[in-house]
Structure formats: C-alpha cells, structure tokens
Amino acid sequence: MIDLNNPADGDVLIVIDPQIDFCPGGALAVPGGDEIMPLVNRIAERFAHVVLTQDWHPRNQISFASTHGAEPFSTMTAPYGEQVLWPDHCVQGSPGADFHPLIKSGGLVDRAEVILRKGYNPAVDSYSAFFENDKTTATGLAGYLRDRRLTRCVFVGLALDFCVRYSAEDAVSEGFEAMVVTDAARAIDMNGSLDAAMLALRTQGVALATAA
Ligand code: VGL
Ligand code: ZN
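A brief look at the structure comes next.

Bringing helix 1 (residues 37–44) into the picture now. Two residues of an α-helix separated by three or four positions point the same way, owing to the 3.6 residues in each turn. Counting buried positions over the 8 residues of helix 1 gives 6, a clear majority of the element. Turning to helix 1, its buried residues are Met37, Leu39, Val40, Asn41, Ile43 and Ala44.

Now the structure itself:
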C-alpha cells in the first residue's frame, strides 16, 4: 500500500487536469473543484516525482457539443464509441486551459517532471492520461513511467468520474499499482457517473484512500 506521508522511490503523484475551466466559474465547472488545490499541494510536497496532465483541446474537438450543434451533456456515437458532448473547455492557449493559480503558486507547475497534454487530436477525445478514448492510441505516459522505473501511481485532481477514473483504470491495466485520493478529487456526477466510477475503481483493483 502506498504511504502518502512517506512515498517510496518508485511512487509518482499524477495530478489530473487541475485547470481553471474545471473549477467554479470555468467552462466545465466541477462542483468544489477549486477546494482540492491546497490538499493537492500538500500531498505533492512529499513526492519526488510529480506529473501534471492538462486537458488541451482544439476548437473543433469532436467532444465539443458546439462542433455538432448539439446540447452540452448529450451524447453521440463517435467512430470509437460513445462520447459525451461537453461545453467548449480547455481550448488550447485559452485562459481556462491554464493551471489553477494555487497549483502555480504552490510550485507544482515548476516542479512537475512531465506536463502531459491530452485531447489535442480533433477526432478523438482523451480522458485517460494513458490512452485516448479509442482505447488504443497511447499517450506515451506508460512508456515514460516504465523507463523511469516508476511503478506506483497516486491520482488526484479533476474530474474523479472521468479523467481521474479512466487514468487510474488504465494504470492498472498497464501493470502499475494505482491509488486514488478521493478527498483530493471532485466529480462532475452526471447520470450516476460518480457511483459508476467508484464501483469500477473498486472492481478493477484501484486502491482508494483519503489524505486529510
Ligand atoms: C474531463 C470531461 C471532459 C476531465 C475532461 O478532466 O475529467 N472531463 N474533459
Ligand atoms: Zn476535455
């Protein structure tokens, strides 16, 4: 079991999408999203290895409702399967795509050894830090972690029921140990997605912990 107070050499903290658009006032606000930032900073202090992910979409992203003239939070069948259609968010270079000010002032943007951008392919969204939503296009993160001999991943960030969930599941399927710190994450919670996420995480061998 990963000890948050005393991480081992092969442990890495992966902070998923701690961005302005996922916080209250942002384009795809996650309730309480901003509340996790101080705790994320505190957890990160103990970790020698920190990776940040950054949702980073082109304006014509397939997952944007506006691309299809559809209602936000409806769904479509993409060539790679079911895709939720979101309000435009985390547009490349826009203020909302930037990291939350507390993540910057806490030093994490400076200290992160990798900042992994995802969702930049217009044709395929990417929730997971490991694979795009087609479940086959790798981001390169698994290879990076293996090359660096990092074997245990601790996940925090936004949103618990989408990008955190799929990142943690893929970590396990790629052979890493995975833990989600639930009080350093918040959920969108649409149509039962939070319950579904918690069940999937438990069933797929992701450890759940709280930090505070
Ligand atoms: C996310 C929906 C769309 C997330 C990103 O970070 O969980 N959710 N894009
Ligand atoms: Zn997105």
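Let us look at the nonpolar core. One finds Leu13, Ile14, Ile43, Phe130, Leu145 and Phe155 to be the most contacted residues of the largest nonpolar core, which totals 67 residues. Per element, the largest residue contribution to this core is 7 residues, and it comes from helix 6 (residues 160–173). Residues contacting Phe155, with those up to four places away along its chain left out, are Ile14, Ile16, Phe130, Val164, Ser167, Ala168, Ala171, Ala178, Met179, Val180 and Val181. If you look at the next biggest cluster of nonpolar residues, it comprises 7 residues, including Ile62, Ala65, Met76 and Val124.

On to the layout of surface pockets, then. What the largest pocket holds in volume is close to 240 Å³. Looking at the lining of the largest pocket, the elements that each hand over two or more residues are strand 4 (81–84), helix 6 and helix 7 (193–203). For the lining of the largest pocket, the per-class residue count stands at 6 nonpolar, 4 polar and 4 charged. In this structure, the second largest pocket encloses a volume near 180 Å³.

Around the zinc ion (ligand 2), the protein supplies Asp55 (OD), His57 (NE2) and His89 (NE2) as donor atoms, at distances of 2.0 to 2.2 Å. The coordination sphere of the zinc ion (ligand 2) comprises 4 donor atoms, whose angles at the metal cover 86 to 168°; the geometry is irregular. Donor residues for the zinc ion (ligand 2), ordered by position in the chain, follow D-x1-H-x31-H. Here His89 lies in the loop between strand 4 and helix 3 (101–105) and His57 lies in the loop between strand 2 (50–55) and helix 2 (65–68), a separation of 32 residues in the sequence. The residues His57 and His89 share a single accessibility class, namely buried.

Our next topic: the site of ligand 1. All residues in the neighbourhood of ligand 1 are listed as Asp17, Phe22, Leu28, Asp55, Trp86, His89, Leu158, Ala159, Phe162, Cys163 and Ile188. Note that an oxygen atom of ligand 1 is positioned 2.7 Å from one of the side-chain N or O atoms of Asp17. In the model, an oxygen atom of ligand 1 is placed 3.2 Å from a nitrogen or oxygen of the Leu158 main chain. For ligand 1, the accessible surface in isolation is 260 Å², of which the surrounding protein chains cover 100%. Spatially, ligand 1 is embedded in the largest cavity. For the shell around ligand 1, the residue count by class is 8 nonpolar, 1 polar and 2 charged.

About the thresholds
Residues numbered from 1 in each chain as written. Chains lettered and ligands numbered in written order. Predicted model: local features only at pLDDT ≥ 70, side-chain atom pairs only at ≥ 80, totals over all residues. Heavy atoms only, no water. Buried < 20%, exposed > 50% of the residue type's maximum accessible area, 1.4 Å probe, protein only. Helix = DSSP H or I, 4+ residues; strand = E, 2+ residues; numbered from the N terminus. Core = buried A, V, L, I, M, F, W, Y, C linked by side-chain atoms within 4.5 Å. Contact = heavy atoms within 4.5 Å. 1 Å grid on protein atoms, 1.4 Å probe; cavity = no way out; pocket = protein on both sides within 12 Å on 5 of 7 lines; lining within 4 Å. Points joined across faces, edges and corners; volume = space filled by probe spheres on them. Nonpolar A, V, L, I, M, F, W, Y, C, P; charged D, E, K, R; others polar. Donors = N, O, S within 2.8 Å, 3.2 Å for Na, K, Ca; no water. Tetrahedral: all angles 85-135°; square planar, octahedral: opposite > 155°, others 65-115°. Near = heavy atom within 4 Å. Polar contact = N/O pair within 3.5 Å; in protein donor to acceptor, adjacent residues only side chain to side chain. Areas by Shrake-Rupley, 256 points an atom, 1.4 Å probe, with all protein chains shown as cover. Sits in = over half its atoms within 2 Å of the grid points.

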